[in-house]
Structure formats: structure tokens, C-alpha cells
Amino acid sequence: MARCEALFDAIVDGKIADAQTLVGERLAAGEAPMDIIAGTLIPAMDEVGQLFQDEEYFVPELMMSGRAMKAAMAPLRPLLAAAGAVPAGVVVAGTVKGDLHDIGKNLVISMLEGSGFKVIDLGTDVTPARFVDAIRTHQPNILCLSALLTVTMLAMKSTIEAITAAGLRDSIKIMVGGAPVHEKFARDIGADGYGVTATDAVSVARDLVSVA
Ligand code: B12
């Protein structure tokens, strides 16, 4: 699983068109979608995260890299779905009500998809009622809630309450995450799983559906 340097750089530099073209070239050269994701795309986003942490990158760079990652994932998604005849599990994901941050959620989704989960992305500012509707419609194994604001963390609690009130709580596992979320909070609101990073999201999701 060799890293494609040009694709790596396209993601890190936020070059959307290049990212999509280079993914097409890797596919045409016979590279497996999962190898492209694990070998190049995820390491590139790790690098972006590091640059951000080191204050070499700021919000605009972060957003451009996030968009390049999204563009790179677009041709891979249908192939992943077709390759994994039986997905590891179905996940409904969204950023909770009042919160518009989606870079981290999108990374979590890319990682889950790269690991064989089918993910339905409800986007940002998702109300508890929309989560409830999506559970009824898609019957996921896992609900993945993201929040980046201290105030919107509380919407995780009201989302879980709405799911319980709708009689759906026993039918799914719920995992929560995002910068202000911590383990005690996750436990207190009755979530089944919690993770710090997008990589954690995969191991937590696998544990929740008991995939070895
Ligand atoms: C980018 C950004 C924005 C962008 C968002 C763009 C977008 N499309 O997402 C914009 C400019 C729109 C924005 C707006 C605002 N923002 Co803002 N934003 C940020 C910033 C700089 C980076 C967030 C980010 O993308 N990080 C990178 C990603 C990769 O990390 P991440 O999101 O944490 O996700 C990782 C993990 O948390 C985890 N994860 C995430 N979700 C989940 C879910 C599960 C289940 C699991 C397991 C893991 C997991 O995995 C990810 C990858 O490892 C942070 C500061 C910071 N240093 O974090 C402030 C920050 C989050 N924002 C903040 C604020 C206050 C705001 C505004 C209110 C500002 C304003 N006054 O208007 C608005 C709110 C808008 C709204 N209603 O949501 C504050 C929040 C303070 C707080 N604790 O409440 C922060 C911390 C800045 C600060 N220091 O004050 N913001």
C-alpha cells in the first residue's frame, strides 16, 4: 500500500481538482479504493491535522483540505459500497442541532466508509426529530453524533432523549465525539461509545457492532 505523493500533496495543499484527477489515475492504475484511502488519503488528513495543531495551518487551509478530501472520496464511495457486498454495519451520522462544524464529522465518515461501513450523512445542524426519522428510515446499527461547541453538546443529550421517547433506543448503538465531548459526558447522557479521533471512531464502531 504505497503512498501516492502527488495525491498526498493535493490533499494537504487543498487542490480539489488535482485530488479528484489523481484518485481517478490511481483507480485506473488498478489500486484498490481501500488502499488509496488508508495509504494516502488518511495520512494526508493526519498531516493536515498536525499542521493545524502546529498553527502552520488555519481555518481556510483546513477547509480547503477538507474539500479536497471530500472530492477525492467522491469516486471511491460507490466502489467501496459495491466491493463490500455486506457492509460492516450501517451508520447514520450528523452534527447535532445548532452546530455547523463538519470537518471532523466528515473525516469520521471517510474513515468509517474506508473501513467498510455504509454511512448516511445527515449533514450539520440536525434536529433530534431528523435523527429519529433517519433511524426509522435507514435502520442503522450505529448513530454517530458530532458536536464542536460546548453549547451544542447538550443537543446530544436531547437527541438521545428523543430517540428513547420514540421507542427506538434499544434498536441502535450511539457513539458521540467532537472536541468538547469527553468520556464522562458520554456516559452521563447514555451514549454507548465515545472516541477522541476519527481513528477511534472506527474502533468504537467495530466494537459496537462486534466486528473482529
Ligand atoms: C473550522 C472552525 C469553524 C468553521 C467550521 C467550518 C466547518 N465546515 O466545519 C466556522 C468558521 C464555520 C466556525 C464557526 C463557529 N465556530 Co468554530 N472552530 C473551527 C476550528 C478552528 C476548527 C474545528 C475543526 O474543524 N477542527 C479540525 C477537525 C478535524 O477536528 P474536530 O472537528 O475536533 O474533529 C476531530 C475529533 O473531534 C473527532 N470527532 C469529531 N466528531 C466526532 C464524532 C465521533 C462519534 C467521534 C468518535 C469522533 C469525532 O474526530 C475528528 C478527527 O480526529 C475550532 C478550533 C479548534 N482548534 O478546534 C473552532 C471552534 C470549535 N469554534 C468555536 C466557535 C465559538 C465558533 C462560532 C460560535 C464562532 C462565532 N462566534 O460565530 C461559530 C459557530 C457556528 C455554528 N453554529 O456551529 C469555538 C468553540 C468553543 C466552544 N467550546 O464552544 C472553537 C473551539 C474556537 C475557539 N477556540 O473558540 N468554526
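Nothing here was measured: the structure is a model prediction, and the numbers come from that model.

Thoughts on the side chain of Arg169
Then, number 1: With respect to the helices and strands, Arg169 occurs in the loop between α8 (150-165) and β4 (173-177).
Then, number 2: Exposure remark for Arg169: the relative accessible area of 14% places this residue in the buried category.
Then, number 3: Separated by 3.0 Å, the side chain of Arg169 and the backbone oxygen of Ile172 make a polar contact.
Then, number 4: Separated by 2.9 Å, the side chain of Arg169 and the backbone oxygen of Gly190 make a polar contact.

With respect to the site of the ligand
Then, number 1: Lining the immediate surroundings of the ligand are 29 residues, of which Leu100, His101, Asp102, Ser146 and Thr150 lie closest.
Then, number 2: Within the backbone of Leu100, a nitrogen or oxygen atom sits 2.6 Å from an oxygen atom of the ligand.
Then, number 3: Side-chain polar atom of His101 to a nitrogen atom of the ligand: 2.7 Å apart, as the coordinates give it.
Then, number 4: Among the elements of the structure, α4 (59-73), α6 (103-114), β3 (142-146), β4 and α10 (198-208) are those that each provide at least two residues to the shell around the ligand.
Then, number 5: Counting residues per element, the shell around the ligand draws most heavily on α6, which supplies 4 residues.
Then, number 6: The residue makeup of the shell around the ligand includes at least three contributed by each of domain 1 (5-81) and domain 2 (86-208).

Examining the coordination of the cobalt atom of the ligand
Then, number 1: Donor atoms from the protein around the cobalt atom of the ligand number only one, His101 (NE2), found at 2.2 Å.
Then, number 2: Summarising the element assignment, His101 is placed in the loop between β1 (89-95) and α6.

Some details on the pattern of salt bridges
Two side chains that carry opposite charge are able to pair once their charged atoms sit near each other.
Then, number 1: The full count for this structure, using the stated rule, is 6 salt bridges.
Then, number 2: Glu31 serves as the salt-bridge partner of Arg26, at 2.8 Å between the closest nitrogen and oxygen.
Then, number 3: Overall, the relative accessible area of 28% leaves Arg26 in the partly exposed class.
Then, number 4: With a relative accessible area of 15%, Glu31 lands in the buried category.

Details of the domain arrangement of the chain
Then, number 1: Each assigned domain of the chain is listed with its residue range as follows: domain 1 (5-81) and domain 2 (86-208).
Then, number 2: The centre of domain 1, based on its C-alpha atoms, is set 23 Å off from the matching centre of domain 2.
Then, number 3: With 11 residues of domain 1 in contact, the opposing surface of domain 2 contributes 9 residues.
Then, number 4: For the pair domain 1 and domain 2, the summed buried area comes to about 830 Å², and 70% of that belongs to carbon and sulfur atoms.
Then, number 5: Remark: the boundary between domain 1 and domain 2 carries 0 salt bridges.
Then, number 6: Linking domain 1 with domain 2 are 0 residue pairs in polar contact (both at pLDDT 80 or more), by the criterion used here.
Then, number 7: Going through the elements one at a time, α3 (33-53), α4 and α5 (76-83) are the ones with two or more residues in the side of domain 1 that touches domain 2.
Then, number 8: In terms of residues, the side of domain 1 that touches domain 2 owes the most to one element, α4, which gives 5 residues.
Then, number 9: Among the residues making up the side of domain 1 that touches domain 2, the classes are represented as 9 nonpolar, no polar and 2 charged.

How each quantity is defined
- The residue numbers shown here count from 1 along each chain, following its written sequence.
- Since the coordinates come from a predicted model, pLDDT governs what is reported: local features require at least 70, and pairs of side-chain atoms require 80 or more to be given and counted, while whole-chain, interface and lining totals use all residues.
- Side-chain descriptors were evaluated using all non-hydrogen atoms of the structure, hydrogens and water having been removed beforehand.
- Only DSSP runs of H or I covering at least 4 residues are called helices, and only runs of E covering at least 2 are called strands; the numbering of each starts at the N terminus.
- Throughout this description, buried means an accessible area under 20% of the type-specific maximum (1.4 Å probe, protein chains only), exposed means over 50%, and partly exposed covers the range between.
- Whenever two N or O atoms come within 3.5 Å, that pair is a polar contact, provided that in protein one can donate a hydrogen and the other can accept it, and provided that, for residues adjacent in sequence, both atoms are side-chain atoms.
- For each residue, the test is whether any non-hydrogen atom lies within 4 Å of the molecule or strand; if one does, the residue is near.
- How far each domain reaches was decided by an automatic or database domain assignment.
- Donor atoms: N, O and S within 2.8 Å of the metal, or within 3.2 Å for Na, K and Ca. Because water is excluded, sites can look incomplete.
- Salt bridge, as applied in this entry: a Lys or Arg side-chain nitrogen positioned within 4 Å of an Asp or Glu carboxyl oxygen.
- For this analysis, residues touch if any pair of their heavy atoms sits within 4.5 Å.
- Two parts placed together each lose some accessible area under a 1.4 Å probe, and adding up what both lose gives the buried area.
- Charged residues are taken to be Asp, Glu, Lys and Arg, nonpolar residues to be Ala, Val, Leu, Ile, Met, Phe, Trp, Tyr, Cys and Pro, and polar residues to be all remaining types, Gly included.

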